[in-house]
Every structure is written in C-alpha cells, then in structure tokens.
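Residues per chain are reported as follows:
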Amino acid sequence: MTELTLKAVIENIPAATAFIDEQLEALDCAMRAQMQIDVAIDELFCNIARYAYDGGDGEATVKFDFDPSDRTAMITFEDSGKPFDPLQKADPDVTLAAEDRAIGGLGIFLVKKTMDDMKYRYENGKNVLTLYKHI
Amino acid sequence: MTINKTMNGNALTIALEGRLDTTTAPELEQALKESLDSAQELIMDFSKLDYISSAGLRVLLSAHKTMRTKGGMKVVNVNEIVKEVFDVTGFADILDIE
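Being a predicted model, the structure only gives us computed values, none of them experimental.

A. Up close: the overall build of chain A. When helices and strands are counted, chain A shows three helices and five strands. Tracing chain A from N to C terminus, the helices and strands come up as β-α-α-β-β-α-β-β. In summary, chain A has a C-alpha radius of gyration of 15 Å against a globular reference of 14 Å for 135 residues, a match within 12%. Dimensions along the principal axes, computed over C-alpha positions, put chain A at roughly 45 × 35 × 25 Å. The buried share of chain A, reckoned over its 135 residues, is 35%.

Shown next as structure tokens:
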C-alpha cells in the first residue's frame, strides 16, 4: 500500500492522477483501464475538493493497493469532511433531452459504470471510498 | 490540454489534445466563449483527446445548446474511451457524433 496526502483543492487533481498513474504504469496496466481510473480520480477528488469541507480547508488522501492474484487495483480516497456516501446518491436520468439535463451526479454515475466495484465506509471521522478495478 | 482553433468560412473546428477534465474544462469554456459568436457551425475534433470527465461533458452540453440555434455542433474522431463515456451517460443520444 502506498499513499499520498494532498490539500483538497482541485489544483491538486493532476498530482493525485500522476501518483496513481505511476503505480499503474509500473504494473503494465491496460491503457483503457488507466484512462477510466484517471476519469474516476478526476470525479472523486473534485467532489472532495468542492464539497467535503464546505469551502474550508482540508486534506484528501489517495491510497493505492494491488492484488496480484487477480490483478485488481484498489484505489482509496479518504477525507475528514462531512459524511457523504456517493453510492447512496440516486443515478441521474440519462435518457433526458439536452435541455432537461442536469450534470450533477453524472460524474459518480460514470465512475460506478466504469469501475468493477466501489465500497464506502465512514470510519474514525473519515469518508473512505475504495474503487476496485481489474487492470 | 492543447486547444487548436481553425476557422473555415463560418465553420469553427476546435481540436483538443490531452485530457478534458475538471482542471482543463474551464480552458475550453473560455475558448468557446471567445469564438462561438462568429461561428455558424462548430466541429469538435477529438482525435487527440485521451479522455473526458463530467466537467468536460458539462461544457460540451452548453456548446451543443448554444449551437443548436445556428448550424449545430458535431463531434468527430471520438476514441473508444470517450465513446464509452458518451454511451454510459446518454450523451451519445444528445450529441451529433460522427
């Protein structure tokens, strides 16, 4: 397990992405899976930066772990902001016409669809969200 | 992300290179704001775009709506990863993708 803690601001999304990409590249991750994971980092780190601390300062930790038996990458996001389980959020209606479209919620929906599994827990005052992706 | 704009008559082509995400979407938004007034048609060329996140979708939707009262917006040369995002989010039904 390796991890990186950053100030939870959107300017740090590239640093979080570079950190995970480095781990994935060392494991010869397929390009498609890496791009999907990068999109997931963009969505989730952005959510923490924008909403977890209600505009105040805070940190976000990104952790990487790997199960070689089935080549599953586990990417965990932790923050100490207000409790928020993104998996409880209702899926957006993706059949609506352009003018009726709300973009809110689309990011998490996209992550749900492209990752193999996601698990959320609130533990020791922290939101802990883990993504599982076969690479 | 790199943004290359080419004006051909009334048709504006915007070619993106790199990643269209939370960090770079505001750059595209700004580029569109500067150029859309003079364009009747908009072509978004994604041949060198690696991926798109929901922040990028938001900007595309807004451009699509702006262009609908004119000659429309087309998205061309979409790679598989971007296509999957369009399919999953229902954007494949909204946008004119070639």
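B. Focus on the pairing of strand β2 (residues 59-67) of chain A. Residues and elements named next belong to chain A. Strand direction decides the pairing type here: strand β1 (residues 2-7) and β2, joined by six bridges, are antiparallel. Along β2, the bridge assignment pairs L6 with A60. For β2 and strand β3 (residues 72-79), the ladder comprises eight bridges, and the chain directions are antiparallel. Looking at β3, one finds that K63 is bridged to T76. Linking two consecutive strands that pair antiparallel, namely β2 and β3, is a turn of four residues; a positive phi of about 50° is found at R71 within it.

C. Structural view of the nonpolar core. In this structure, A40(A), I41(A), L44(A), F45(A), I48(A), L42(B) and V82(B) are the most contacted members of the largest nonpolar core, which totals 60 residues. Aside from chain neighbours lying at most four places away, what touches F45(A) is I13(A), A16(A), A60(A) and F77(A).

D. Structural context of the environment of D37(B). Within the secondary structure, D37(B) sits in the loop between α1 (25-35) and β3 (41-52). You can call D37(B) exposed: it has 8 C-beta atoms within 10 Å.

Rules used throughout
- As a convention, each chain's residues are numbered from 1 in the sequence order in which they are written.
- All chains are assigned letters beginning at A, and all ligands numbers beginning at 1, according to the order in which they are written.
- A pLDDT threshold of at least 70 governs which residues receive local features in this predicted model, and a stricter bar of 80 or more applies before side-chain atom pairs are shown or counted, although totals over entire chains, interfaces and linings include all residues.
- Strands here mean DSSP runs of E at least two residues long; helices mean DSSP runs of H or I at least four residues long; both are numbered from the N terminus.
- It is over C-alpha atoms that the radius of gyration is taken, and the globule rule equals 2.2 Å times the number of residues to the power 0.38.
- Partly exposed residues are those falling between the two cut-offs: more than 12 but fewer than 20 other C-beta atoms within 10 Å of their own, whereas 20 or more means buried and 12 or fewer means exposed, with C-beta atoms placed from the backbone.
- When DSSP finds two or more bridges between a pair of strands, those strands are recorded as paired.
- Working definition: the nonpolar core is a set of buried Ala, Val, Leu, Ile, Met, Phe, Trp, Tyr and Cys residues, joined through C-beta atoms within 7 Å.
- C-beta atoms are first placed from the backbone for all residues, and any pair lying within 7 Å is then listed as a contact.

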